[in-house]
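Structure at a glance
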Amino acid sequence: MKAILSQRGGRTDCPPGCVSGTSKKAPALFISSQKALLAKFRAASMGKELVVRRTHLPRSQSDLRAAQYVRMSTDYQRYSIENQAAVMATYAQIHQLSIVRTYRDEGESGLKLKNRPGLMQLLADVSTGRADFSHILVYDVSRWGRFQDIDESAHYEFLCKQAGIKITYCAEQFDNDGTMLSSIVKNLKRVMAAEYSRELSVKVHAGASRFARLGFARGGQTAYGLRRILVDEKQRTKAILRNGERKYLATDHVRLVPGACEEVMVVKWIFERFLQRQSEAAIAQELNKNCIPTNTGRVWNPGLIGRILRNENYIGNLVYNRRSYKLKETRKYNPPDLWVRSEGCIEPIIKQDEFLRAAKIIEERRVDLSEEEMLARLRKLLMKHRKLNGPIIEQAIGVPCVVTYQNHFGSLRNAYRLIGYASKRDCEYLESRGKWAGLMTDLASQLADSIQRLGKRPTFYSATNCLVLSAKTGISFRLARWQPGKKATHAALWSINVRAHLFPGWIVSIRLTERNTDLLDYLLVPTALVPGRQIRFSEEARLNHGVEQFEDFDTLIRTLVQRLAKTDHASSTKSIQSKQRQRERRPKNKSDHGRR
């Protein structure tokens, strides 16, 4: 209850709304009303989520603390967040538990773990020992997940059980107490949850295929030169749908129609140029030169031109189920006999004979080459240009694209190695990226454990290698790769690639030795010194700019934790002084004697 009052800005000895800071004794009537208000506030707050400051509590107190996990797949689902929270709050009140933490996944499917940040954070807190609760409340087994492999669901529950934390399914008719009966029922529930997703996937696919045969668009990116319109059950146009907009009534449907006249003219021009034997790369280059935008705001590229030339939407046909991504498994291309085609449902932009002529050119140009022939053509290209890189390969006629070489040989470097070509560009770091990425994750975990003792709750985002402390402060982890000087007499340089958005704060840089083979030391770089997307510096420049260097990571942790503690103290002191100045500026009320 103290935690509730402290978060609402009130004192622990008076309910919200009462006047604090006075030494006068309250009348008995006010005290009784105060007690009544406090009792009413306690009753109203029972069953609601409590979010208190994380502390290291004795085991006896931790046994009464619980976290709740809530998940909702779509906006139309009956298992709303509020309904789940209400059931779990009732369970917590009956069993005298305090809900101190909430992990939520809104609008996320339960098929996979990777798209559920709430559950990932919950498992991370449990596995690293940061969990300050002994119970996890979940609405039912399906909210924990609809994993197609039920052993995956059991594995995540076992991680919590191994850490001494019990999972309770509040709406289920069995107690998750480990008995034989509860284990059998729980596994049946997991199978039922997985089977529900499989059956729903079949029904949704059948319904989508039926509507596609009727000529209704089934989602996805709208092709250039087309736009979506909303029609009712009688095929009457209701509105034009812009990017991001969708239909909300089950009786409404979406159709494709030709878009703006300028875009339609561009599509016709693309087919005209291609039929004149102009390549996709040349067409894209000419469009970019004339500053003609795409419908996504990106620049034109050969791949985009190729998709336009192959798209049957421009001759009035709608094709569905070219690719499938059922149950969040691997995307796969379906054979043509599984495609769902609706002909003549869109007003055509391109004549059918022009489209067929373009398709014939593409088919005749396609040649299935063996890997030996691919390497032979790459070797001839090397002899012609004396060097190789991505743009040279893409622009060469009769040579497969870069992606094809990557798919066949694993990487472009492997293809280079097979033809005896060594690129001048230093790419050795590519083979050790996994090693350094794992090291940065370990260092971030060590730093997070130390910062947690300050009362903070840092969160590490592996996609950006950033340890976020608050909405305005973060600690990013980056590699400082070694580079030789341009001349033998020049000093070596280190470069730090920023790329992703940096939170204000610091960059913990792992500086590598010569040839980027081993770890040299650690650098602490303030983000204020980062001018752009890359930093290049020599050892002399590091000293001139005052960038700190540490031989071991423990020393860096102690230094950084001390600075964070001083920053918190200074900010709290500044806040107190600001409030005092505001009170001093307030005009004082004149006393009754002064008015006379």
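Before reading on, note that the structure itself is shown above.
Within each chain, residues carry numbers counting from 1 in the order of the written sequence. For this predicted model, a pLDDT threshold of at least 70 governs which residues receive local features, and a threshold of 80 or more governs which side-chain atom pairs are given and counted, while totals over whole chains, interfaces and linings are taken from all residues. The side-chain quantities take in all heavy atoms of the structure and omit both hydrogens and water.

1. Brief notes about the overall build of the protein chain
Threshold: Secondary structure follows DSSP: runs of H or I at least 4 residues long count as helices, runs of E at least 2 residues long count as strands, and numbering of each begins at the N terminus. Here the term buried applies to any residue with accessible area under 20% of the maximum for its type, exposed to any over 50%, and partly exposed to those in between, with areas from a 1.4 Å probe on protein chains only. Any pair of residues with heavy atoms lying within 4.5 Å of one another is described as a contacting pair.
Looking only at helices and strands, one finds 20 helices and 19 strands in the protein chain. Among the 596 residues that make up the protein chain, the fraction classed as buried is 38%. In the protein chain, of all internal contacts separated by at least 6 residues, the share reaching a separation of at least 24 is 63%.

2. Thoughts on the packing of helix α13 (residues 371-385) against helix α15 (residues 402-409)
The relative placement of two packed helices comes down to the angle between their axes together with the axis-to-axis distance. Inclusion rule: For helices, the fitted line uses only the C-alpha atoms of the stretch in contact; every axis is such a line through C-alpha atoms, and the angle between N-to-C directions lies from 0 to 180 degrees. When describing relative orientation, an angle under 35 degrees is termed roughly parallel and one over 145 degrees roughly antiparallel, while 65 to 115 degrees is termed roughly perpendicular and anything else oblique. In a left-handed crossing the near helix is turned counterclockwise from the far helix by less than a right angle, and in a right-handed crossing that turn is clockwise. When residues are grouped by polarity, Ala, Val, Leu, Ile, Met, Phe, Trp, Tyr, Cys and Pro land in nonpolar, Asp, Glu, Lys and Arg in charged, and all others, Gly among them, in polar.
Interhelical geometry of α13 versus α15 gives an angle of 135° and a closest axis separation of 12 Å. One finds that α13 runs oblique with respect to α15. Two packed elements cross with a definite hand, and for α13 against α15 that hand is left-handed. Along its contact with α13, which presents Glu371, Met374, Leu375 and Leu378, the element α15 presents Thr404, Tyr405, His408 and Phe409. The residue inventory of the contact of α13 with α15, partitioned by class, reads 5 nonpolar, 2 polar and 1 charged.

3. Focus on the nonpolar core
Our working definition: Definition of nonpolar core: a set of buried residues of the types Ala, Val, Leu, Ile, Met, Phe, Trp, Tyr and Cys, connected through side-chain atoms within 4.5 Å.
Ile270, Phe271, Trp300 and Tyr314 are the most contacted members of the largest nonpolar core, which totals 34 residues. For this core, the secondary structure elements donating two or more residues are β5 (226-231), β7 (253-258), α9 (261-275), α10 (280-289), α11 (302-310) and α12 (352-365). Among the elements that line this core, the one with the most residues is α9, at 7 residues. Once you skip the residues sitting within four places of it in the chain, Ile270 turns out to touch Ile283, Leu287, Trp300, Ile305, Ile308 and Leu309. Ranked by size, the runner-up nonpolar core spans 25 residues in total, among them Trp436, Met440, Ile510 and Leu560.

4. Description of the packing of α9 against α11
In contact at an axis separation of 10 Å, α9 and α11 are set at 95° when each is read in the N-to-C sense. Relative to α11, the element α9 is oriented roughly perpendicular. Packed against α9, whose contacting residues are Val267, Ile270, Phe271 and Phe274, the element α11 presents Ile305, Ile308 and Leu309 at the interface. Partitioning the contact of α9 with α11 into residue classes produces 7 nonpolar, no polar and no charged.

5. A closer look at the pairing of strand β3 (residues 135-138)
Let me state the cut-off plainly: Two strands pair under a simple rule: DSSP has to find at least two bridges between them.
On β3, burial covers both faces: His135 and Leu137 on one face and Ile136 and Val138 on the other are all buried. When strand β1 (residues 65-72) meets β3, the two strands line up parallel, connected through 4 bridges. Paired with Ala67 across the strands is Ile136, a residue of β3. The pairing of β3 with strand β4 (residues 166-169) spans 4 bridges and is parallel. The residue of β4 that forms the bridge with Leu137 is Thr168.

6. Quick word on the pattern of salt bridges
As a reminder, the rule being used: Only one rule defines a salt bridge in this text: a Lys or Arg side-chain nitrogen within 4 Å of an Asp or Glu carboxyl oxygen.
Enumeration according to the criterion identifies 20 salt bridges in this entry. Across the salt bridge formed by Glu157 and Arg190, the nearest N and O atoms sit 2.5 Å from each other. In this pair, Glu157 is assigned in helix α7 (residues 150-162) and Arg190 in helix α8 (residues 180-213), connecting sequence segments 33 residues apart. With respect to class, Glu157 is no different from Arg190; both count as buried. If you follow the salt bridges from partner to partner, you end up with Arg511, Asp521, Glu539 and Arg542 in one network.

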